[in-house]
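# Understanding the architecture of this molecule
So you can see what is in the structure, the chains are spelled out below.
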Amino acid sequence: AASDTLTMNEQQPLNEQPLILVVDDDRLVLATLVAGLKQAGFEVIEADNGDDGILLARKYKPRLAILDMRMQGKSGMDVARYLAANTGTGFMFLSAFGDADIVEEATRMGALGYLVKPLDVRQIVPAVRAALARWDELQSTPMADGEGAPGRDEYIAVGILMERLRLDFDRALDALRSQARAEGTTPGQLATNMVVAANRLNSIPR
């Protein structure tokens, strides 16, 4: 179930204390994360499944989501694809599996960080602060006109392609750049057009 006990005053953008969404179907891990983050002064909302996590992300627009990679129903990967395509929320992953393949997959998804279970409580807050700093830096990155590091709009456009076409990060980035060449424009400009179009679709009442 989702927990969204913020008051009306707390629903406004929280510039001083970033709002963090935690999604994990392990109630003990969820409680540990939430308690550690609140103790560090963060505002926190929580859900124990991916569907509720997406609903809370749409409602409260958190700055960062911490997603358990393997959950019943929608996985952390599924939630991350939604966030990348439809929101301005950054994300990091949480998993009991510390093998290189999963870390690589998380990185290709655009993850800002990675926490391994069992959690070391001392590492949670530094990892979250580092992820927030990376996300803020990415938000202020100008669009890439060539084919160097992607800018913010390109990351969002890649997320849209990953969700809609079921591609991994690299293939989605290649698809964006190939389409830009075919249209005689830059990846940054094509990405901006895609983000504008997606925002228009998302603003239509359901």
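Just so it is clear, the structure is predicted and the values come from calculations on it, not from any experiment.

## Considerations on helix 1 (residues 27-39)
Under the 1.5 Å per step criterion, the end-to-end length of helix 1 is 18 Å for 13 residues, consistent within 8% with the ideal 18 Å. Listed as buried for helix 1 are Val29, Leu30, Leu33, Val34, Gly36 and Leu37. Taken around the axis of helix 1, the buried residues stretch over an arc of 165°, which confines them to a single face. In this structure, helix 1 carries Leu28 and Gln39 as exposed residues pointing more than 90 degrees from its buried face. Residues of helix 1 that are buried make contact with strand 2 (19-23), strand 3 (43-47), strand 4 (64-68), strand 5 (90-95), strand 6 (114-116) and helix 5 (121-139). N-capping of helix 1 is provided by aspartate 26, with a side-chain oxygen placed 3.0 Å from the backbone N of leucine 28. Positive backbone phi, at 100°, marks glycine 41, one or two positions downstream of helix 1.

## Focus: unusual backbone geometry
In this chain, lysine 117 is followed by proline 118 through a cis amide linkage whose omega measures -5°. Residue position: proline 118 is located in the loop between strand 6 and helix 5. Here the phi dihedral of lysine 61 falls at roughly 50°; this positive angle occurs in a residue that is not glycine. Tracing the chain through its elements places lysine 61 in the loop between helix 2 (50-60) and strand 4.

## Details of the nonpolar core
Among the nonpolar cores identified, the biggest contains 35 residues, and Leu67, Leu83, Phe91 and Phe93 are the most heavily contacted of them. Contacts of phenylalanine 93, omitting those with residues within four sequence positions, involve Leu67, Met69, Gly76, Met77, Ala80, Ala106, Met109, Ala111, Gly113, Tyr114 and Leu115. Leu33, Val34, Phe42 and Leu112 belong to the second largest nonpolar core, which has 22 residues in total.

Reading guide: rules and limits
- Residues numbered from 1 in each chain as written.
- Predicted model: local features only at pLDDT ≥ 70, side-chain atom pairs only at ≥ 80, totals over all residues.
- Heavy atoms only, no water.
- Helix = DSSP H or I, 4+ residues; strand = E, 2+ residues; numbered from the N terminus.
- Expected span 1.5 Å × (residues − 1).
- Buried < 20%, exposed > 50% of the residue type's maximum accessible area, 1.4 Å probe, protein only.
- Arc of directions from axis to C-beta.
- Contact = heavy atoms within 4.5 Å.
- Polar contact = N/O pair within 3.5 Å; in protein donor to acceptor, adjacent residues only side chain to side chain.
- Core = buried A, V, L, I, M, F, W, Y, C linked by side-chain atoms within 4.5 Å.

Structural measurements only, silent on function.
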